[in-house]
Amino acid sequence: MNYNCMNPFTFTLPTKVVYGVGAVAHVAEELKNAGGTYPLIVTDKGIVKAGITGKVLKLLEEANIPYEVYDGVEANPKDVNAEEGARIAREKGCDCMIAVGGGSPIDCAKAIGVLLAHHAEYIKPYEGKTAATLPNPLLITVPTTSGTGSELTFSSVITDTKNHYKMTVKSPYTAANVAVCDPELTLTVPASVTAATGVDALTHAIEGFTATCSEPMGDAAALYAIELISKNLVKAVENGNDLTARSNMLMGSMLGGISFSHADVASVHCIAESLGSMYDLPHGTCNAIFLPYVMEYNMEYCKERYARVATAMGLTWETVEEGAKKAVEFVKQLTKDVKLPTFASLNADPKDFQKLAEMSYKNGSNGSNPRPMEVEDYVKLLEIVYAAK
Ligand SMILES: [Fe+2]
């Protein structure tokens, strides 16, 4: 087997994890212990409607903690959302944030933190891995979906609305101080969102495990994430009230987040982010559509690793080739079982494929794909997946 223990790496996990059924009850105490006094609650209208934001607000009120709410975060969070949130935090004098929601509010809160830390109005100059150089204000994340892993990652993906693409602000300074991870908060997530976010988490783990910059500690997290997600996603989709499946999915997404934030994502995310920014499509759905096909493309470059993915999925195999192929087939079947759509059923236009391919190629994670991907390879892949049933 091709292990990677001879490569040097660093591993930092700056976020305290408070995990468990009912863990949200600790949110006020964690805020106080970390020194926060006046939080901006960053959330979205769907989470408010589901009653989850209200639950957090009630806990703050019971602890006599004053707060402000910014619930304007959109799906595929926009630069203008982060800039609006930062203006509110400044005007009101908030000294910390609590992000309540899926990846969109959490990524938005991280970007708001970058703006506050740097006394800046616009997020664009902080794109990339080196531009954010000051510690963000205190951030507590309260995830309500099992997918993004953003509660534990060091990056914030924000849509640049002028140039219509997703930019990444990647810095250890964006990491949350505390992640309060309560599986009960994920019970109300609809089946279609459970499916899409769950495959996003699986993609994080598979791409993290096979990225050119993968390392052994992230690999360990990735393999356990793959096991948990493979064995629980269908159950969580079919019965949203299955708290065991929901708990296993939340842990799977957290571990997937640890994996890819220490390694990277790769070509599946490059395409998903291009599609998401061009058509405002759900991130997880885009990943689910492309994951098995990118795995097929990568096959010759990371067969052994895909065979280990198959083992984590609970599959048995005789040869590495067989194991790797079984992993791809498992993903194809899984996306069908949880009823995710085909590429052709979305509103993507083949006329845009060249542009999408160029955007994917320019994505900062393109170089992390185990097999090099050129613009023409992305075009070919888009055509193959568009023609697939
Ligand atoms: Fe993702």
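## Examining the overall build of the protein chain
Helices and strands together make up the secondary structure of the protein chain, namely 14 helices and eight strands. Computed over C-alpha atoms, the radius of gyration of the protein chain comes to 20 Å, within 12% of the 21 Å expected from 2.2 N^0.38 for 389 residues, which places it in the range of a compact globule. Out of the 389 residues belonging to the protein chain, those deemed buried represent 54%. When contacts within the protein chain are restricted to residue pairs at least 6 apart in sequence, those whose partners lie at least 24 apart make up 78%.

## Regarding the environment of Val 180
Assignment of secondary structure puts Val 180 in strand S8 (residues 178–181). Measuring from C-alpha to C-alpha, the distance between Val 180 and Gly 46 comes to 19 Å, with 134 residues separating the pair along the chain. The residues contacting Val 180, other than those within four sequence positions of it, are Val 18, Ala 23, Val 24, His 26, Val 27, Glu 30, Ile 140 and Val 142.

## Thoughts on the packing of helix H7 (residues 216–238) against helix H11 (residues 303–312)
In contact at an axis separation of 8 Å, H7 and H11 are set at 45° when each is read in the N-to-C sense. In terms of orientation, H7 and H11 fall into the oblique class. In the crossing of H7 with H11, the sense of the turn from one axis to the other is right-handed. On the side of H7, the interface is formed by Leu 223, Ile 226 and Glu 227, while H11 contributes Arg 308, Val 309 and Ala 312. Looking at the contact of H7 with H11 residue by residue, the class counts come to four nonpolar, no polar and two charged.

## Side note on the sheet that holds strand S3 (residues 68–70)
Judged by pairing direction, the sheet is parallel, and its six strands sit side by side in the order S1-S8-S5-S4-S2-S3 without closing on themselves. Strands at the two margins of the open sheet, each flanked by one partner only, are strand S1 (16–19) and S3. Pairwise comparison of adjacent strand axes, ignoring direction, gives a mean angle of 20° for this sheet. Relative to S3, strand S2 (residues 39–42) is paired through three bridges, and the arrangement is parallel. Bridging across to S3, Leu 40 finds its partner in Glu 68. Strands S2, strand S4 (96–101) and strand S5 (138–143) of the sheet are contacted by helix H5 (residues 103–117), whose axis makes an angle of about 160° with S4.

## Some points on the nonpolar core
Residues Val 42, Ile 98, Ile 112, Val 142, Ala 205 and Ile 226 are the most contacted members of the largest nonpolar core, which totals 118 residues. Structurally, this core is a two-domain feature, drawing no fewer than three residues from each of domain 1 (16–186) and domain 2 (191–387). Those residues within four positions of Ala 205 in sequence are excluded, and the remaining contacts are Ala 222, Ala 225, Ile 226, Ile 229, Leu 255, Gly 256 and Ser 259.

## Topic: the domain arrangement of the protein chain
Taken as a whole, the protein chain is organised into domain 1 (16–186) and domain 2 (191–387). When each unit is reduced to the centre of its C-alpha atoms, the spacing between domain 1 and domain 2 is 25 Å. Between domain 1 and domain 2, the contact holds 24 residues from the first and 28 residues from the second.

## Quick notes on H5
Relative to the 21 Å expected for 15 residues at 1.5 Å per residue, H5 spans 21 Å between its end C-alpha atoms, a close match to the ideal helical length. With respect to burial, H5 is a largely interior element, 14 of its 15 residues being buried. Within two residues after H5, His 119 carries a phi angle of roughly 50°, on the positive side.

## As for the pairing of strand S6 (residues 155–160)
With five of six residues buried, S6 is to be regarded as a mostly interior element. As paired strands, S6 and strand S7 (residues 165–170) are joined by six bridges and run antiparallel to one another. Its bridge partner being in S7, Val 157 is matched across the sheet by Thr 168. Turn length for the S6-S7 hairpin, with the two strands adjacent in sequence and antiparallel, is four residues, and the turn residue His 164 shows positive phi of about 55°.

## Things to note about the environment of Ala 25
Looking at the element boundaries, Ala 25 is found in the loop between S1 and helix H1 (27–33). Using a count of 14 C-beta atoms within 10 Å as the deciding quantity, one classes Ala 25 as partly exposed. For the pair Ala 25 and Val 56, spaced 31 residues apart in sequence, the C-alpha to C-alpha distance is 8.2 Å.

## What about unusual backbone geometry?
Here Asn 64, not a glycine, exhibits a phi torsion of approximately 55°, which is positive. Secondary-structure assignment places Asn 64 in the loop between helix H3 (52–62) and S3. A count of 7 C-beta atoms within 10 Å places Asn 64 in the exposed class. For His 164, which is not glycine, the phi torsion reads 55° and is therefore positive. Among the secondary structure elements, His 164 is positioned in the loop between S6 and S7. We classify His 164 as partly exposed; it has 14 C-beta atoms within 10 Å.

Analysis parameters
- Residues numbered from 1 in each chain as written.
- Predicted model: local features only at pLDDT ≥ 70, side-chain atom pairs only at ≥ 80, totals over all residues.
- Helix = DSSP H or I, 4+ residues; strand = E, 2+ residues; numbered from the N terminus.
- Rg over C-alpha atoms; globule rule 2.2 N^0.38 Å.
- Buried ≥ 20, exposed ≤ 12 C-beta atoms within 10 Å, placed from the backbone.
- Contact = placed C-beta atoms within 7 Å.
- Axes fitted to C-alpha atoms, helices over the stretch in contact; angles between N-to-C directions.
- Parallel < 35°, antiparallel > 145°, perpendicular 65-115°, else oblique.
- Left-handed = near helix turned anticlockwise from the far one by under 90°.
- Nonpolar A, V, L, I, M, F, W, Y, C, P; charged D, E, K, R; others polar.
- Pairing = 2+ DSSP bridges.
- Core = buried A, V, L, I, M, F, W, Y, C linked by C-beta atoms within 7 Å.
- Domains from an automatic or database assignment.
- Expected span 1.5 Å × (residues − 1).

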